[in-house]
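Descriptive structure summary
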Amino acid sequence: MTQSCQHLHDIHTRGANSDGCEECLKMGDEWVHLRVCMVCGHVGCCDDSKNKHATRHFHATKHPIIRSKEPGETWGWCYVDELFYDPI
């Protein structure tokens, strides 16, 4: 049986609020990869980045769905259900 995500209905945007990690840009810091919140468009750095702002955004807001902002990548992730989608 395939597990399904009950949070796909939370997707409100595919657009990104920024070209880089919003918090890292304010701090003058760097990131490895970028993730976009599909609820509000927040751009945060991935868990391979030292600041992990995408995951911090999830913990602060409970917005469950992100997608990769990397060129050519079409995957998404639900933090709550721990489900991977490609394409999202």
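Residues numbered from 1 in each chain as written. Predicted model: local features only at pLDDT ≥ 70, side-chain atom pairs only at ≥ 80, totals over all residues. Heavy atoms only, no water.

1. Considering the sheet that holds strand E5 (residues 83-85)
Read from one edge to the other, the open sheet built from five strands follows the order E2-E1-E3-E4-E5, with strand pairing classed as antiparallel. Each edge of the sheet is formed by a strand with only one pairing partner; in this case those strands are strand E2 (43-45) and E5. When strand polarity is set aside, the average angle formed by the axes of neighbouring strands in this sheet is 30°. Along the sheet face, helix H2 (residues 53-61) touches strand E1 (34-37) and E2 and points at about 120° away from the line of E2. (Pairing = 2+ DSSP bridges. Helix = DSSP H or I, 4+ residues; strand = E, 2+ residues; numbered from the N terminus. Axes fitted to C-alpha atoms, helices over the stretch in contact; angles between N-to-C directions. Contact = heavy atoms within 4.5 Å.)

2. Here we look at the pairing of E1
Both faces of E1 are covered, namely the face carrying Leu-34 and Val-36 and the face carrying Arg-35 and Cys-37. Inspection of the sheet shows E1 paired to E2 by three bridges, in the antiparallel sense. Bridge assignment links Val-36 to a residue of E2, and that residue is Val-43. Between the end of E1 and the start of E2, which pair antiparallel, lie five residues, with Gly-41 showing a positive phi angle near 90°. One ladder, built from three bridges, connects E1 with strand E3 (residues 65-68); its direction is antiparallel. Across the sheet, residue Cys-37 finds its bridge partner in E3, namely Ile-66. (Buried < 20%, exposed > 50% of the residue type's maximum accessible area, 1.4 Å probe, protein only.)

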